[in-house]
Amino acid sequence: MFSLHSFLFAAATVFTVVNAADSHTPTPPMGWNSYNHYSCYVKEAQIRNNARALVDLGLAALGYEYVIPDCGWSSKQRTSDGKITWNTTFYPSGMPALGKYIHSLNLKFGVYSGAGTWECHPEGKNYLIQASLGHETSDAQTFADWGADYLKYDNCWSDGKNNVIYYPNEDPSTRFRAMATALQAASRPIVYGICQWGIGDNIAQWAGKIGNSWRMSNDILNAWSSIYRITNQVVPLAKYSKPGNFNDMDMLMVGNGVLTPTESRTHFSIWAMEKSPLFIGAGLENHMLNADALQVFSNAEVIAINQDALGLAAQLVRRFTQEQYDIWSGPLSGGRTVVAIINWASFNQKITINLPDVGIQAANKARDVWAAQDLGRIEATYSAQVSGHGVKLLVLGDTTSAGTYTSSNGGTTFKNVYAATSSSAYMLSVTSPPSGSITLTIGTKQLTVTANGNSIGPISLTEGLQDLTFSANVGTLTVTLPSTAMTVYPASSGSTVTVSSTIAGSKMVYVKYINYDLAFDSSWTGVGMNVLGATLSVNGRNGKTWKFPISGGSWSEVGKMRIQLDGFKVGSNTITVSGVEGKLQIKGLEVWG
């Protein structure tokens, strides 16, 4: 008999089965993985030593709890009853015993396999060892019997003939769904880490339904350029992060002897704010880890950003390509905001950001995370000296939303009013509207204005910061730019767009584009950076070049990136798109003002 109770119970049960993995890691997993330091040649004793070091170095107490032997552990043959088993030369005690030892340290035991015939291995066809394609049910239960808490599931030999296929003819999700189903049926909860290298279309959309995390790029390399490459690929995927679903940007390269301490802090900051799993990839045994790397891994404030309960990733807000820096921001619990200024340049530079670009006018509490320093109140702008390849990582709290202003002298003068674009369409809202006409001074320009209810305008503001002074008390002030001030212009590579403007100055423009030219083969040589460039110019002036990151999950998804274009005049203007690189498609321009 049908009942509402039984229907709701059934619906909840179905939801739990489909998304059961979500409940395993409400925050990104943290731990240690053998691959970045040992490749596929790690031995049982080394796994044990590194697990012990996690505890001895105080890292386990900070949340690094999973210990994952990566590729190379399995045997070339299965057992007589078809079960996957270990290489007794590398793992003489066996995987169950290793798992028991790891659990005895109050850590969690991870295992590795793949959605192919054979495991990934640097020796390729010369060293074929068992993976799980076609054996998903058996292997999932075997891993559960061994006490596994986590499965990293790789993508080599997907057709049994080719080690790596970057452009498969089949739908890769089918193979990974098979293991997800098997894990759901296994006798022990196992966190599912999909390692599919970002291959195919819309990976976050299907992988997020069956796993806790998904690798969204090709392997990280022990090089600074690899940090930039992976960061450019995560840009459109940040929106998919939530508790139980995380973009996996690959294991950390901190402590492996190439990245400088400054680069390591930047690397760790980006992974943390993007809510990537934090798996140490350095050797920890026998005092291998240097003090700088340990300090990075041990920064509790950065870890707290990664482990924030909201589970939401930061997003790219502004990119200054020629100046070589980015601004990223994202929400944290408690109404706080994380802000990162990333200096991609090799030289130190002073960088000033406008706080309204991250949605904030002022913050009464500002924290420089790496300096472990409280900055007090910051308002309108923030400036910092940022080292080459460095990051300034801030946590802002007790904030006022962008566009909201309080007077410095009884309701008449409002300092540092920010205009993102030069426009004559700004509207002002006040809490104490004047009864008649009053004078509004903007810089040196005076206007006579009258309130219509609580609204004043439209008025003209030029891009940037300016002070507004009223001849009477208007209470508090809110400044907005209506959506009607935005015009969409079709555009393409090599096109010239005619734009009408009622005010001179600099304008905010969102470039609509498609870039899904993912760096796979080119990532290994350090050439592929997951960006393509284009130059835009106004009225024949010298153009400015921007590098556009990956735009979405396929060649059909359009992305948008905000830029600032100078040189507009009153009347008719032209915007020219030139120098478009590779497969980049310019689809349109949204001009504000």
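If you're wondering where the values come from, they're calculated on a predicted model, not measured in any experiment. (Residues numbered from 1 in each chain as written. Predicted model: local features only at pLDDT ≥ 70, side-chain atom pairs only at ≥ 80, totals over all residues. Heavy atoms only, no water.)

**A look at the overall build of the protein chain**
Cut-off, in case you're wondering: Working definition: helices are DSSP H or I runs of at least four residues, strands are E runs of at least two. Numbering for both runs from the N terminus. It is over C-alpha atoms that the radius of gyration is taken, and the globule rule equals 2.2 Å times the number of residues to the power 0.38. Note on exposure labels: buried denotes an accessible area under 20% of the residue type's maximum, exposed denotes more than 50%, and partly exposed covers the range between, all computed with a 1.4 Å probe on protein chains only. Note on contacts: a residue pair qualifies if any of its non-hydrogen atoms lie within 4.5 Å across the two residues. The method behind every accessible area is Shrake-Rupley, applied with a 1.4 Å probe, and residues are considered shielded solely by the protein chains displayed.
When helices and strands are tallied, the protein chain shows 12 helices and 32 strands. In terms of overall dimensions, the protein chain is globule-like: its C-alpha atoms have a radius of gyration of 27 Å, near the 25 Å expected for 593 residues. Each principal axis of the C-alpha distribution contributes one length, and for the protein chain these read about 90 × 70 × 50 Å. In the protein chain, which comprises 593 residues, the proportion classed as buried is 55%. Relative to all contacts within the protein chain whose residues are 6 or more apart in sequence, the contacts with residues 24 or more apart total 75%. Here the protein chain displays about 23,000 Å² of accessible surface, and carbon together with sulfur accounts for 52% of that area.

**Observations regarding the packing of aromatic side chains**
Where we set the bar: For Phe, Tyr and Trp, rings pair up if their centres lie within 6.5 Å, where Trp contributes its six-membered ring, and each pair is then called stacked (planes under 30 degrees apart), edge-to-face (over 60) or tilted (otherwise). Charge-over-ring contacts are defined here by two conditions on Lys NZ or Arg CZ: a distance within 6 Å of the ring centre and an angle within 35 degrees of the ring normal.
Scanning the model with the defined rule gives 21 aromatic pairs in all. Judged by centre distance (5.9 Å) and plane angle (85 degrees), the rings of Phe414 and Phe470 are edge-to-face. Taken together, the residues span a long stretch of sequence, with Phe414 in strand S18 (residues 413-419) and Phe470 in strand S23 (residues 464-470) at a distance of 56 residues. There is no split in this pair, since Phe414 and Phe470 are both buried. A network of ring pairs unites the aromatic residues Trp73, Trp86, Phe143 and Trp146 as a single cluster. Cation over ring: Lys507 sits above Phe568, and NZ or CZ is 5.7 Å from the ring centre. Seen from the ring of Tyr510, Lys560 lies directly overhead, with NZ or CZ sitting 5.2 Å from the centre.

**Remarks on the nonpolar core**
Here is the rule we go by: To form a nonpolar core, buried Ala, Val, Leu, Ile, Met, Phe, Trp, Tyr and Cys residues must be joined to one another through side-chain atoms within 4.5 Å.
The biggest cluster of nonpolar side chains holds 107 residues, and the ones touching the most others in it are Tyr64, Tyr192, Phe268 and Phe297. Excluding its chain neighbours within four sequence positions, the residues that come into contact with Tyr192 are Leu151, Tyr153, Phe176, Met179, Ala180, Leu183, Ile210, Gly211, Asn212 and Ser213. Membership of the second largest hydrophobic core comes to 24 residues, among which are Tyr405, Val417, Ala419 and Leu461.

**Focus: the sheet that holds strand S29 (residues 544-548)**
Using the following cut-off: A strand pair is defined by DSSP finding two or more bridges across the two strands. In this description, a line fitted to the C-alpha atoms serves as the axis of each element, helices being fitted only across the stretch in contact, and the angle between N-to-C directions of two axes falls anywhere from 0 to 180 degrees.
Pairing within the open sheet is antiparallel, and its 4 strands lie in the order S26-S31-S28-S29. Each having just a single partner strand, strand S26 (496-501) and S29 make up the two edges of the open sheet. The mean angle between the axes of side-by-side strands here comes to 30 degrees, regardless of whether they run parallel or antiparallel. In terms of strand pairing, strand S28 (residues 532-538) meets S29 through 5 bridges, oriented antiparallel. Counterpart to Leu536 in the pairing with S29 is Lys544.

**Observations concerning the pattern of salt bridges**
Stated formally: Definition used for salt bridges: Asp or Glu carboxyl oxygen within 4 Å of a side-chain nitrogen of Lys or Arg.
On inspection of all chains with the given rule, the structure shows 22 salt bridges. We note a salt bridge from Arg175 to Glu170, for which the minimum N-O separation is 3.2 Å. With its nearest N and O atoms 2.9 Å apart, the salt bridge here joins Lys239 to Glu557. Pair noted here: Lys239 is in the loop between helix H8 (224-234) and strand S7 (246-248) and Glu557 is in the loop between S29 and strand S30 (559-568), with a separation of 318 residues, a long-range link.

**A closer look at the confidence of the model for the protein chain**
So the rule is basically this: As a per-residue measure, pLDDT tells how confident the predictor is, with possible values from 0 to 100.
When pLDDT is averaged across the protein chain, the result is 94; 96% of the residues are at 70 or more. Confidence drops under a pLDDT of 50 for residues 1-23, and excluding neighbours within four residues, the segment shows 18 contacts in the predicted structure.

**Structural notes on helix H9 (residues 261-273)**
To keep things clear, this is the line we draw: Multiply 1.5 Å by the residue count of a helix minus one, and that product is the helix's expected span.
In this model H9 runs 18 Å from its N-terminal to its C-terminal C-alpha over 13 residues, within 8% of the 18 Å that 1.5 Å per residue would give. Burial analysis of H9 places 10 of its 13 residues in the buried class, which makes it a mostly covered element. Along H9, the residues that are buried comprise Glu263, Ser264, Thr266, His267, Phe268, Ser269, Ile270, Trp271, Ala272 and Met273. With its phi angle positive at about 60 degrees, Lys275 sits one or two positions after the end of H9.

**Remarks on the pairing of strand S9 (residues 315-320)**
Here S9 runs beside strand S10 (residues 325-332); their pairing, made up of 5 bridges, is antiparallel. Within the sheet, the bridge partner assigned to Phe320 lies in S10 and is Tyr325. Linking S9 back to S10 in an antiparallel pair, the connection comprises 4 residues, with Gln324 at a positive phi of about 70 degrees.

**Concerning the environment of Leu465**
Topologically, Leu465 is positioned in strand S23. On the accessibility criterion, Leu465 (36% relative accessible area) is partly exposed. Those residues within four positions of Leu465 in sequence are excluded, and the remaining contacts are Asn354, Ala380, Thr381, Asn416, Val417 and Tyr418.

**So, helix H4 (residues 95-104)**
To be explicit about the condition: Regarding the arc, it is the one traced by the directions from the helix axis to the C-beta atoms.
Residues of H4 that are buried include every one of Met95, Leu98, Gly99 and Ile102, and no others. An end-on view of H4 places all buried positions within 100 degrees of arc, on one side of the element. Turned more than 90 degrees away from the buried face of H4 sit Lys100 and Ser104, all of them exposed. Among the structural elements, helix H3 (44-56), strand S2 (66-68) and strand S3 (108-114) are those in contact with the buried residues of H4. Phi turns positive one or two residues past the end of H4, at Asn106, with a value near 60 degrees.

**Focus: the packing of H8 against H9**
Worth spelling out the cut-off: When an angle is under 35 degrees it counts as roughly parallel; over 145 it counts as roughly antiparallel; between 65 and 115 it counts as roughly perpendicular; any other value is oblique. Should the near helix be turned anticlockwise from the far one by less than a right angle, the crossing is termed left-handed; should it be turned clockwise, right-handed. Under the scheme applied, nonpolar residues are Ala, Val, Leu, Ile, Met, Phe, Trp, Tyr, Cys and Pro; charged residues are Asp, Glu, Lys and Arg; polar residues are all the others, including Gly.
At a minimum axis distance of 11 Å, the contact between H8 and H9 shows a crossing angle of 20 degrees. The angle between H8 and H9 places the two elements in the roughly parallel class. As H8 runs across H9, the sense of the crossing is left-handed. Contacts between H8 and H9 pair Trp224, Ile227, Ile230 and Thr231 from the former with Glu263, Thr266, His267, Ile270 and Trp271 from the latter. Taken together, the residues of the contact of H8 with H9 break down into 5 nonpolar, 3 polar and 1 charged.

**Quick look at the state of the cysteines**
Convention followed: Note on disulfides: each one is a pair of cysteine sulfur atoms within 2.5 Å.
Summed over all chains, the structure comprises 2 disulfides. Between the sulfur of Cys40 and that of Cys71 lies a disulfide, 1.9 Å long from S to S. Taking the sign of the S-S torsion, -80 degrees for the link of Cys40 and Cys71, the bridge is left-handed. Taken together, the residues Cys40 in the loop between helix H2 (35-38) and H3 and Cys71 in the loop between S2 and H4 connect sequence positions 31 residues apart. Across the pair, exposure class does not vary: Cys40 and Cys71 are buried alike. Looking at the protein chain, its bonded cysteines, counted consecutively from the start of the sequence, adopt the pairing 1-2, 3-4.

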